[in-house]
Amino acid sequence: MLKVAKFGGSSMADAGQYKKIRDILLSDPSRRVVVVSAAGKRNKNDHKITDLLYLCHAHTQYGVDCTAVFEMITSRYLDIRNELNISLDLESEFAALKQRLDAKAVTQDELASRGEYFSAKLMAAYLGFRFIDAVEWIKFNLDGTVDQETSYEALQNLVLQGQGAVIPGFYGLMPDGHIRTFTRGGSDITGSLAAAALNADVYENWTDVSGILMADPRIVDDPQAIPEVTYDELRELSYSGAQVLHEGTIFPVREKNIPLNIRNTNAPEDKGTMIREKFDTPADPDRFITGITGKKDFTILSMSKRGMGNQVGVLRKVLSVLERHNISVDYVPNGIDNVSVVMPTEAIAPHLYTILGEIQQDVEPDSLDVHDQIAVIAAVGRHMTFRPGVSGRLFAALGEAGINIRMINQGPDELNIIFGVDNRDFKAAIRVLYNSFVK
Ligand code: ASP
């Protein structure tokens with residue numbers, strides 16, 4: 001049994017968190033491969049080390065001395081080391097790095113990667129595990145994608161049977177020998193790649209919440225965590241607004257059918273959320289909504305034209321106009337002689353009047369209306385499939401609460417019910433759904 005355990009920034013923030021991680025690892029010896037983030041915030045007003053590293057790089061680019069920021073970074077690591085009595089010489093590495101930084105010899109990616117690098121060095125020394133640098137195995141192709149085959153093989157050769165290893169997340173090596181980072185939050189991807197490379201039994205992603213929550217805790221008080229979610233549901237939830245994992249995380253583990261378990265470093269007894277391709281038995285058969293999520297600020301363009309229902313190519317013409325402006329359409333609800341297209345306001349706003357003119361010209365609709373300030377909400381759940389009455393209950397609950405529905409969309413796979421409301425009803429709609437389906 002092998003578990004790859006990735007610990008995020010808040011789990012790595014200070015010496016107290018390092019102790020929690022050690023306890024988590026000691027409680028299950030199959031957690032032998034550990035991937036770590038840079039130290040995150042210790043409290044709301046604190047800074048993430050990665051942010052400070054980017055700041056430091058910007059300073060040097062503008063010829064501004066970054067010594068003060070650099071010291072904030074180094075003292076975070078030295079404090080952890082000293083508090084935990086780890087014997088590791090960090091000072092000389094810091095000094096060498098600073099010297100190269102002052103000489104403008106460190107790229108932005110290399111500097112940003114040092115947060116994870118020092119985290120992993122410290123954690124490896126603390127646990128008595130082997131430090132495996134990401135540059136030794138994560139190899140990027142020239143186009144910035146990961147060369148999975150080479151990377152996997154390299155890691156398989158580095159991780160030894162029965163020996164614990166700590167790996168820094170977030171970066172790897174380009175073919176020219178330069179360090180390259182993933183986009184922000186990318187240590188999740190490193191963990192997923194490590195789990196896939198080693199054919200782990202589980203990829204555990206340890207963070208500071210007890211799993212993916214059924215709704216946004218800024219909207220719903222103390223929402224429950226989702227015990228089990230499929231990859232498809234997760235895709236729906238993240239697309240519609242839930243911020244869970246870095247988007248590149250799923251692919252490597254999904255490809256190898258490795259379950260992904262989101263856990264809480266601060267509450268290790270909680271089971272968290274288990275993500276799999278599919279589950280044989282539903283955890284709770286009465287619960288058909290897995291999660292509720294949504295985003296504000298969409299625009300709906302609605303047009304009608306007598307006889308549209310029998311004409312060929314109308315929808316294509318509308319979509320072509322949007323395509324010319326490089327706008328990706330999220331939903332296309334339609335009636336017989338009318339069709340609407342829904343997309344983020346941010347995407348259409350800069351071209352709105354040109355687009356309206358082009359649609360007018362190409363489609364010649366009888367009416368063309370713009371509705372903005374629309375929020376799109378998705379109720380996602382694999383147990384909705386083939387269950388009559390779910391949408392009836394859902395819309396009845398919204399109706400009772402006096403919330404007007406502006407748009408409805410349900411995919412034929414019945415994995416979600418998507419609807420639009422006015423921006424101002426966004427939070428109320430999510431609360432109504434949560435309270436009527438979850439509590
Ligand atoms: N430390 C990096 C960031 O803050 C990567 C990560 O934590 O996943 O984005």
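To start, this report covers the structure provided alongside it. Not measured: the values here are computed from a predicted model.

1. Digging into the overall build of the protein
For step 1, the next point in the chain: Summing up its helical and strand segments, the protein has 14 helices and 15 strands in all.
For step 2, the next point in the chain: Its C-alpha atoms put the protein at 75 × 55 × 40 Å along the principal axes.
For step 3, the next point in the chain: Among the 439 residues that make up the protein, the fraction classed as buried is 53%.
For step 4, the next point in the chain: When contacts within the protein are restricted to residue pairs at least 6 apart in sequence, those whose partners lie at least 24 apart make up 75%.
For step 5, the next point in the chain: Looking at the protein as shown, the accessible area adds up to about 20,400 Å², and 48% of this sits on carbon and sulfur atoms.
For step 6, the next point in the chain: The positive charge centre, built from 46 side chains, and the negative charge centre, built from 58, are 2 Å apart in the protein.

2. So, the site of the ligand
For step 1, the next point in the chain: Around the ligand sit S37, T50, E116, F170, R184, G185, G186 and S187, and that is every residue in its neighbourhood.
For step 2, the next point in the chain: G186 has a polar backbone atom sitting 3.4 Å from an oxygen atom of the ligand.
For step 3, the next point in the chain: Contact with the protein chains removes 90% of the 260 Å² of surface that the ligand exposes when unbound.
For step 4, the next point in the chain: By residue class, the composition of the shell around the ligand is 1 nonpolar, 5 polar and 2 charged.

3. Focus: the pairing of strand 13 (residues 367–380)
For step 1, the next point in the chain: Where strand 11 (residues 291–304) meets strand 13, 11 bridges bridge the pair, whose relative direction is antiparallel. Within strand 13, the position partnered with G291 by the bridge is V380.
For step 2, the next point in the chain: Relative to strand 15 (residues 416–422), strand 13 is paired through 7 bridges, and the arrangement is antiparallel. By the bridge assignment, A375 is partnered in strand 15 with V421.

Calculation notes
- Residues numbered from 1 in each chain as written.
- Predicted model: local features only at pLDDT ≥ 70, side-chain atom pairs only at ≥ 80, totals over all residues.
- Heavy atoms only, no water.
- Helix = DSSP H or I, 4+ residues; strand = E, 2+ residues; numbered from the N terminus.
- Buried < 20%, exposed > 50% of the residue type's maximum accessible area, 1.4 Å probe, protein only.
- Contact = heavy atoms within 4.5 Å.
- Areas by Shrake-Rupley, 256 points an atom, 1.4 Å probe, with all protein chains shown as cover.
- Lys, Arg positive; Asp, Glu negative; His and termini not counted.
- Charge placed at Lys NZ, Arg CZ, Asp CG, Glu CD.
- Near = heavy atom within 4 Å.
- Polar contact = N/O pair within 3.5 Å; in protein donor to acceptor, adjacent residues only side chain to side chain.
- Nonpolar A, V, L, I, M, F, W, Y, C, P; charged D, E, K, R; others polar.
- Pairing = 2+ DSSP bridges.

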